[in-house]
Amino acid sequence: MRYDITNIEIEDYLIDLMPPRDAVLAGLEARALQTGLSLVGPVQGQFLYVQVLAMGAKKALEVGITTGYAALYLMRALKQTGGHLTAIERHANRVELASQVIGQAGMSEYITIHHGEWTELMPTLEKDYDLIFLDILRSAANAEQAPLALELCVDLLRPGGVLIADNVLCSAQVLEEDAPPLVRGIQQFNRELINHPQLESVIIPLRDGVAICRKK
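A. Molecular detail of the overall build of the protein chain. A count of helical and extended segments in the protein chain gives nine helices and seven strands. What you see for the protein chain is a C-alpha radius of gyration of 16 Å, in line with the 17 Å of a compact globule of 216 residues. Across the 216 residues of the protein chain, 50% fall into the buried class. Of the roughly 10,300 Å² that the protein chain leaves accessible, carbon and sulfur atoms contribute 51%. Of the charged side chains in the protein chain, 18 are positive and 27 negative; the average position of the first set lies 5 Å away from that of the second.

Shown next, in the form of structure tokens:
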């Protein structure tokens, strides 16, 4: 069963308030409408942009780059802070698309993309990220992988660093008691992040649900 998380008219209102997107972002939005590509959207993109600027983040990680849409918002803020984005993506076609889009935007110098499994690549990274955007729960969540993703993120964050996780409400299916495995993984992820001894966390109903966690 699918539920509404927020009033669709409110979502449309917030999107209409956003400044016009440039040609690259607008092109991705149009492509998403035609093909069903997954995008965080302009409101959540602006949220990521403001978060980077507010905390002065310089070293950021995106786990699951998909189209490069969110990465562009992150990089445009990191450009102002003198920072750099590292990204991980398992699908070769998504790496190709994101690289193309980022190149069109003239932002290639602000990102390093690793092609491979996040379970294998994350343990090899340095453990001092200011901000991590986790965007794999829709594809990776299960009883084992969702909690693993959380622990890997916590391990990579510096003290005071921020984890932002997308899709934590999973079209509001987290309300279901007899949920499918993917949703059960997200339910477990949410319980663990709220009760994690190293995190101070909150979940907000922005689009498909966003968790914001600060490492103590």
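Past the structure itself, the notes keep going.
B. Layout of helix H2 (residues 23–35). Here H2 spans 18 Å end to end across 13 residues, near enough to the 18 Å set by a 1.5 Å rise per residue. Along H2, the residues classified as buried are Val24, Leu25, Leu28, Glu29 and Ala32. Buried residues of H2, viewed axially, fall in a sector of 140°; they line one side. Turned more than 90 degrees away from the buried face of H2 sit Ala23, Leu33 and Gln34, all of them exposed.

C. View of helix H3 (residues 41–55). For H3, with 15 residues, the first-to-last C-alpha span of 22 Å sits near the 21 Å given by 1.5 Å per residue. Along H3, the residues classified as buried are Gly41, Pro42, Val43, Gln44, Gly45, Leu48, Gln51 and Val52. Close packing links the buried residues of H3 with helix H1 (8–17), H2, helix H4 (69–81), strand E4 (129–134), strand E5 (157–166) and strand E7 (210–215). Taken from the residues just after H3, Gly56 is the one with a positive phi, measuring 65°.

D. A look at the nonpolar core. Counting 37 residues, the largest nonpolar core has Leu72, Met75, Leu85, Ile102 and Ile111 as the members making the most contacts within it. The set of elements that each furnish at least two residues to this core consists of H2, H3, H4, strand E2 (84–89), helix H5 (92–104), E4, E5 and E7. The residues touching Leu72, leaving out its near neighbours within four places in the chain, are Val24, Leu25, Val101, Ile102, Ala105 and Met107. Within the second largest apolar cluster, 32 residues are counted, among which are Tyr129, Leu137, Leu156 and Val168.

E. Fine view of the packing of helix H8 (residues 145–156) against helix H9 (residues 181–194). Their axes nearest at 8 Å, the elements H8 and H9 cross at an angle of 35°. For the element pair H8 and H9, the recorded crossing hand is right-handed. Within the contact between the two elements, H8 uses Ala146, Pro147 and Leu150 and H9 uses Gly185, Gln188, Phe189, Glu192 and Leu193. Class assignment for the residues of the contact of H8 with H9 results in five nonpolar, two polar and one charged.

F. How the structure looks around the environment of Tyr49. Position of Tyr49 relative to the elements: it lies in helix H3. Remark: the alpha-carbon pair of Tyr49 and Ala70, spanning 21 residues in sequence, is separated by 8.9 Å. Leave out the neighbours within four places in its chain, and Tyr49 touches Tyr73, Arg76, Ala77 and Gln80.

G. How the structure looks around a nonpolar patch on the surface. A surface patch of nonpolar side chains, about 390 Å² in accessible area, is lined by Ile10, Tyr13, Leu14 and Leu17. With a relative accessible area of 47%, Ile10 lands in the partly exposed category.

The rules we used
Residues numbered from 1 in each chain as written. Predicted model: local features only at pLDDT ≥ 70, side-chain atom pairs only at ≥ 80, totals over all residues. Heavy atoms only, no water. Helix = DSSP H or I, 4+ residues; strand = E, 2+ residues; numbered from the N terminus. Rg over C-alpha atoms; globule rule 2.2 N^0.38 Å. Buried < 20%, exposed > 50% of the residue type's maximum accessible area, 1.4 Å probe, protein only. Areas by Shrake-Rupley, 256 points an atom, 1.4 Å probe, with all protein chains shown as cover. Lys, Arg positive; Asp, Glu negative; His and termini not counted. Charge placed at Lys NZ, Arg CZ, Asp CG, Glu CD. Expected span 1.5 Å × (residues − 1). Arc of directions from axis to C-beta. Contact = heavy atoms within 4.5 Å. Core = buried A, V, L, I, M, F, W, Y, C linked by side-chain atoms within 4.5 Å. Axes fitted to C-alpha atoms, helices over the stretch in contact; angles between N-to-C directions. Left-handed = near helix turned anticlockwise from the far one by under 90°. Nonpolar A, V, L, I, M, F, W, Y, C, P; charged D, E, K, R; others polar. Patch = residues over 30% accessible without salt bridge, like charges linked within 9 Å, V, L, I, M, F, W, Y side chains within 5 Å. Salt bridge = Lys/Arg side-chain N within 4 Å of Asp/Glu carboxyl O.

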